[in-house]
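Observations on the three-dimensional arrangement
For reference, the chains in residue letters:
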Amino acid sequence: RVAGPTINGLVTELVARMQAEAPHVGLEWVTPSPTMAADLVGEQIDVAWGNANSPLPDGLRAEAIAPMKRYVFGRRGHPGTNEWSLETWLSWPHAVVRIPTAIHGTVEEQLTSLGLKRRIGLHLTNWSGIAPALLRTNLLSNQPVLTFAECPDLDDFQVFLPPIPLPDLTFRVIWNARLDADPATRWIRRMLRTSLEALLHRLNAQLQANEIVQPRTTP
């Protein structure tokens, strides 16, 4: 049992790697909840991944994942492409994913610190709904490239450089400290981490090949 934010491309990558190495092992993906830490301690969940900005409860251990840079994504041909600026970014509605445990390092926190406000056009509980929503609307979304793990490529999306510095997303893999040396627990941790790394490598390569729109500067 693995708990964490639902990104369908990551789930697919993980189960494919698990089946290749251990075809008789099944995967149950669990949506994060307020009891996730207690479930890890109580061994109802084998491993989890989630936000690294909250204190780690006693009885758990974690390994950090490399910080993920946020970009702004919209559909290819988005009207804001030719006039990309801070004003444009704030004028179009945003699609957001609420992370219950995220308190610090959020886009909202950064906007508040600068005295800026944005309009939210869509609230979601998981990342897998972001890409389809962007493709059919003029919504924008401030996301790491991992959000688009289930997309065959990024050609359908326009990628923008944020007009203000946005905090990186920081995640970690978490497990029960008592099972630190347990072979099965170590295996599923490795499976999850290598799945994340493989996806990020592929997506970052696509991102570098994509045109990234720079904010317009005032003369």
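It should be noted that the structure appears before, not after, this text.
Presented here is an overview of the structure given in this document.

Each value, and the rule that gives it
Residues numbered from 1 in each chain as written. Predicted model: local features only at pLDDT ≥ 70, side-chain atom pairs only at ≥ 80, totals over all residues. Heavy atoms only, no water. Helix = DSSP H or I, 4+ residues; strand = E, 2+ residues; numbered from the N terminus. Rg over C-alpha atoms; globule rule 2.2 N^0.38 Å. Buried < 20%, exposed > 50% of the residue type's maximum accessible area, 1.4 Å probe, protein only. Contact = heavy atoms within 4.5 Å. Areas by Shrake-Rupley, 256 points an atom, 1.4 Å probe, with all protein chains shown as cover. Lys, Arg positive; Asp, Glu negative; His and termini not counted. Charge placed at Lys NZ, Arg CZ, Asp CG, Glu CD. Core = buried A, V, L, I, M, F, W, Y, C linked by side-chain atoms within 4.5 Å. Expected span 1.5 Å × (residues − 1). Arc of directions from axis to C-beta. Phe/Tyr/Trp six-rings, centres within 6.5 Å; stacked < 30°, edge-to-face > 60°. Pairing = 2+ DSSP bridges. Axes fitted to C-alpha atoms, helices over the stretch in contact; angles between N-to-C directions.

1. So, the overall build of the chain
- A tally of helices and strands in the chain yields six helices and 11 strands.
- For a compact globule of 219 residues, the expected C-alpha radius of gyration is about 17 Å, and the chain comes in at 18 Å, within 12% of that figure.
- C-alpha atoms of the chain, sized along the principal axes, occupy 60 × 35 × 25 Å.
- Counting only residues that meet the buried cut, the chain has 44% of its 219 residues in that class.
- In the chain, of all internal contacts separated by at least 6 residues, the share reaching a separation of at least 24 is 82%.
- With the model as given, the accessible surface of the chain reaches about 11,000 Å², and the carbon-plus-sulfur share is 54%.
- Counting 20 positive and 21 negative side-chain charges, the chain places the averaged centre of each group 3 Å from the other.

2. What to know about the nonpolar core
- Judged by nonpolar contacts, the single largest core of 43 residues is most densely connected at Trp49, Phe73, Leu146, Phe148 and Leu192.
- Elements that contribute at least two residues to this core include exactly α1 (8-21), β3 (47-51), β5 (71-75), β6 (94-97), α5 (130-135), β9 (157-160), β10 (171-176) and α6 (183-209).
- The greatest single-element share of this core, amounting to nine residues, is contributed by α6.
- Those residues within four positions of Leu192 in sequence are excluded, and the remaining contacts are Val2, Leu14, Val47, Ala48, Trp49 and Val173.
- Core analysis: the next-biggest nonpolar cluster, separate from the first, contains 11 residues, Trp84, Leu140, Leu166 and Val213 among them.

3. Here's the deal with α1
- Its 14 residues give α1 an end-to-end C-alpha distance of 20 Å, which sits within 8% of 20 Å, the value for a rise of 1.5 Å per residue.
- Within α1 the residues assigned to the buried category are Gly9, Leu10, Leu14 and Met18. All buried residues of α1 lie within an arc of 165° about the axis, which places them on one face of the element. Those residues of α1 that are exposed and angled more than 90 degrees off the buried face are Thr12 and Ala20.
- As for α1, its buried residues are in contact with β1 (2-3), β2 (29-30), β3 and α6.

4. Remarks on the packing of aromatic side chains
- Applying the stated criterion across every chain yields a total of five aromatic pairs.
- With a centroid separation of 4.9 Å and an interplanar angle of 50°, the aromatic rings of Trp49 and Phe171 are classed as tilted. Taken together, the residues span a long stretch of sequence, with Trp49 in strand β3 and Phe171 in strand β10 at a distance of 122 residues. Judged on exposure class, the residue Trp49 and its partner Phe171 are both buried.
- Joined through ring pairs, the aromatic side chains of Trp49, Trp127 and Phe171 make up one cluster.

5. Things to note about the pairing of β5
- Among the five residues that make up β5, four are buried, leaving the element largely enclosed by the rest of the structure.
- By the bridge criterion, three bridges tie β5 to strand β8 (residues 141-143) in an arrangement that is antiparallel. Note that in β8 the partner of Val72 across the bridge is Asn142.

6. Quick notes on the sheet that holds β10
- On the basis of which strands lie adjacent, the open sheet formed by five strands has the order β2-β1-β3-β10-β4 and mixed pairing. The open sheet terminates on both sides in strands that have one partner only, identified here as β2 and β4 (60-64).
- Against the sheet, α6 makes contact with β1, β3, β4 and β10, and its axis sits at roughly 40° relative to β3, the strand it touches most.

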